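Spelled out from the first residue to the last, the chains are:
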Amino acid sequence: MTGIFGKPPSAKSTRRQWALLAMILLTMPALAQVVFGATAATANAKKASTEQAIKILSSPKEGYDISNINMHTDRSIDYHGVVYHNDEASEDKLNDEHSAGHGQQQHGKNRMNMAMYPPRNKIPDVNSPQVKAWIAEIDWSKVPNIPVAAGLAPETPHFPKCPPLAEMDRSTCWWSCYGCTAPTDIITCPSANTWGLTYDDGPSWVTRNMTAILQEKKLTATFFVVGSRVLEFPDILREQVAQGHHIGMHTWSHSGLTTLTNHEIVAEIRWTEKAIRDVTGLTMKYVRPPFGDIDNRVREILRQMGYT
């Protein structure tokens with residue numbers, strides 16, 4: 001039987017590819033995942049029952065109360081793995097008017113000025129002066145010369161297509177096609193029976209339902225957010241931060257990063273970083289690649305931009 005990639009794949013490879021494809025088809029806001037596991041809301045619950053684990057998880061972690069931070073102070077602090085930087089211009093970058101943007105009704109105050117950012121759900125333009133400045137910050141001599149991955153199909157150009165097993169270059173450490181992880185990847189919690197809650201693809205209206213449940217249970221979680229969603233729901237992202245949740249990076253357009261050029265990867269990450277900082281004053285430290293799609297080319301670019 002011929003596989004979807006042209007030659008008979010192994011059963012393991014086939015399962016992985018179908019699982020990745022299913023993630024596209026079933027993607028919804030704030031989808032819970034444990035791939036490349038996160039580190040927020042963790043506690044050592046060795047040999048503990050589920051009830052005991054939840055009790056340990058509900059104990060607040062010592063640290064800063066983000067809700068009390070003045071956005072215009074001169075402090076720079078580390079909060080649950082997120083670095084807070086003072087940015088005097090942040091509030092100037094927000095719209096105070098109720099508006100409708102790109103057909104999506106906008107509610108509340110301090111809405112984003114969408115004209116200042118790339119189009120939602122699209123790979124940002126790499127020829128803009130801002131992106132060119134970000135590109136110039138990278139030492140490209142250190143980035144491995146790994147080809148950009150092909151798309152699975154015309155309708156999914158940024159979902160990676162694996163080559164036949166015999167043609168794979170395993171030195172690229174490509175997770176999507178053969179499950180390779182690097183020592184620098186966070187793939188599990190640091191100790192046995194440690195728990196973490198992680199959610200992807202928000203913020204959205206669904207987020208408030210989820211955070212209400214988490215508040216009721218006295219739990220916090222890691223939310224890997226998409227830059228395009230931040231434009232739509234900046235107030236919800238602020239609420240998440242104020243409630244003590246940990247925020248991570250999930251790119252601008254939710255494209256498989258191995259299917260993007262070097263410059264497109266920079267644009268995806270930096271525009272999302274900028275949107276999150278404009279809303280919250282925070283700069284992320286951790287990135288979850290959409291679909292887990294990462295190889296050593298992508299890793300090095302992310303590393304130079306300060307991300308794990």
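Up top is the structure these notes are about.
Summary of the structure given here. These figures come from a predicted structure and were not determined experimentally. (Residues numbered from 1 in each chain as written. Predicted model: local features only at pLDDT ≥ 70, side-chain atom pairs only at ≥ 80, totals over all residues. Heavy atoms only, no water.)

Within the fold, Ala182 resides in the loop between helix H4 (175-178) and strand S10 (198-200). A relative accessible area of 13% places Ala182 in the buried class. As for Ala182 and Ile294, which are separated by 112 residues in sequence, their C-alpha atoms are 10.0 Å apart. Residues within four places of Ala182 in sequence aside, it is in contact with Cys173 and Arg299. (Helix = DSSP H or I, 4+ residues; strand = E, 2+ residues; numbered from the N terminus. Buried < 20%, exposed > 50% of the residue type's maximum accessible area, 1.4 Å probe, protein only. Contact = heavy atoms within 4.5 Å.)

Another aspect to go through is the side chain of Thr283. Tracing the backbone through its elements, the reader meets Thr283 in strand S13 (residues 282-283). Classification of Thr283 as buried rests on a relative accessible area of 12%. At 3.1 Å, the side chain of Thr283 forms a polar contact with the side chain of Arg277. (Polar contact = N/O pair within 3.5 Å; in protein donor to acceptor, adjacent residues only side chain to side chain.)

We now examine the packing of helix H7 (residues 234-242) against helix H8 (residues 262-280). As a packed pair, H7 and H8 sit with axes 9 Å apart at the nearest point and diverge in direction by 70 degrees. When the interaxial angle is binned, H7 and H8 end up roughly perpendicular. Facing H7, whose interface residues are Pro234, Leu237, Arg238 and Val241, H8 presents Ile276, Val279 and Thr280. A breakdown of the residues in the contact of H7 with H8 according to their chemical character gives five nonpolar, one polar and one charged. (Axes fitted to C-alpha atoms, helices over the stretch in contact; angles between N-to-C directions. Parallel < 35°, antiparallel > 145°, perpendicular 65-115°, else oblique. Nonpolar A, V, L, I, M, F, W, Y, C, P; charged D, E, K, R; others polar.)

In this section: the packing of aromatic side chains. Using the criterion set out here, one finds five aromatic pairs in the structure. Residues Tyr117 and Trp271 carry aromatic rings whose centres are separated by 6.2 Å and whose planes lie at 70 degrees to one another, so their mutual orientation is edge-to-face. Taken together, the residues span a long stretch of sequence, with Tyr117 in the loop between strand S7 (111-112) and helix H3 (129-135) and Trp271 in helix H8 at a distance of 154 residues. Note on Trp134 and Trp271: the rings are 5.1 Å apart at their centroids and 85 degrees apart in plane angle, and the pair reads as edge-to-face. Separated by 137 residues along the polypeptide, Trp134 in helix H3 and Trp271 in helix H8 bring together distant segments of the chain. As far as burial versus exposure is concerned, Trp134 and Trp271 are alike and both buried. Through pairs of rings, three or more aromatic residues link up here, namely Tyr117, Trp134 and Trp271. (Phe/Tyr/Trp six-rings, centres within 6.5 Å; stacked < 30°, edge-to-face > 60°.)

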